[in-house]
Amino acid sequence: MNLLLRPHTNLDDPVWSVIFMVFLAVVGAFYCIVYILGIAFAELKDGTDETTKQEELLQLPSDGDQPCP
C-alpha cells in the first residue's frame, strides 16, 4: 500500500499525471477546433446557402401589415 500512497520525497518534482491530463485536454480541444473548422469549410465549399424545407416549416406565417391588438 505504501507504493500507491507514498509521500513526495522532493516537492519540486512535477506531478506527471496532471501534466498528462493537461496535454490530453489540449489535444482534445485542438481536435474539436479542427473538426468544427473542417465542417465549416465543407459547408462553404458546398455552396448551398438556401433555406431548407424544415426551416421554412418553422417560420411563423405573416399576416401582412395588420396592426397588433
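Description of the structure in this document. Computed from a prediction, not measured in an experiment: that's the story for all the values here.

**So, the overall build of the protein chain**
Scanning the protein chain from N- to C-terminus turns up 2 helices and 0 strands. For the protein chain, with 69 residues in total, the buried portion stands at 0%. When the accessible surface of the protein chain is summed, it comes to about 7,400 Å², and 65% of that surface belongs to carbon and sulfur atoms.

**Things to note about the packing of aromatic side chains**
Scanning the entire structure with this criterion turns up 1 aromatic pair. A ring pair is formed by Y31 and Y35, whose centres lie 6.4 Å apart and whose planes are at 20°; its orientation type is stacked. Of this pair, Y31 and Y35 both sit in helix α1 (residues 16-46), 4 residues apart, which is roughly one turn of the helix. Look at Y31 and you get exposed, because its relative accessible area is 57%.

**Description of a nonpolar patch on the surface**
Taken together, the side chains of F20, M21, F23, L24 and V27 make up a nonpolar region of the molecular surface, amounting to roughly 500 Å² of accessible area. Examined against the element boundaries, M21 turns out to sit in helix α1.

Calculation rules
Just so you know, the residues in each chain are numbered from 1, in the order the chain's sequence is written. The predicted origin of the model limits local features to residues at a pLDDT of at least 70 and limits the giving and counting of side-chain atom pairs to 80 or more, whereas totals for whole chains, interfaces and linings rest on all residues. Only hydrogens and water are set aside; all other atoms, that is, all heavy atoms of the structure, feed into the side-chain values. Numbering of helices and strands starts at the N terminus; helices are DSSP runs of H or I of at least 4 residues and strands are runs of E of at least 2. Relative accessibility under 20% of the residue-type maximum defines a buried residue, over 50% an exposed one, and the middle range a partly exposed one, all with a 1.4 Å probe and only protein chains included. The Shrake-Rupley method, run with a 1.4 Å probe, gives the accessible areas here. Residue values count only the displayed protein chains as cover. Aromatic rings from Phe, Tyr and Trp, with only the six-membered ring used for Trp, were paired whenever their centres fell within 6.5 Å, and each pair was classed as stacked if the ring planes differed by under 30 degrees, edge-to-face if by over 60, and tilted otherwise. Exposure above 30% relative accessible area and no salt bridge define the residues that can form patches, which grow by joining like charges within 9 Å and nonpolar side chains of Val, Leu, Ile, Met, Phe, Trp and Tyr within 5 Å. One side-chain nitrogen of Lys or Arg within 4 Å of one carboxyl oxygen of Asp or Glu is enough to make a salt bridge.

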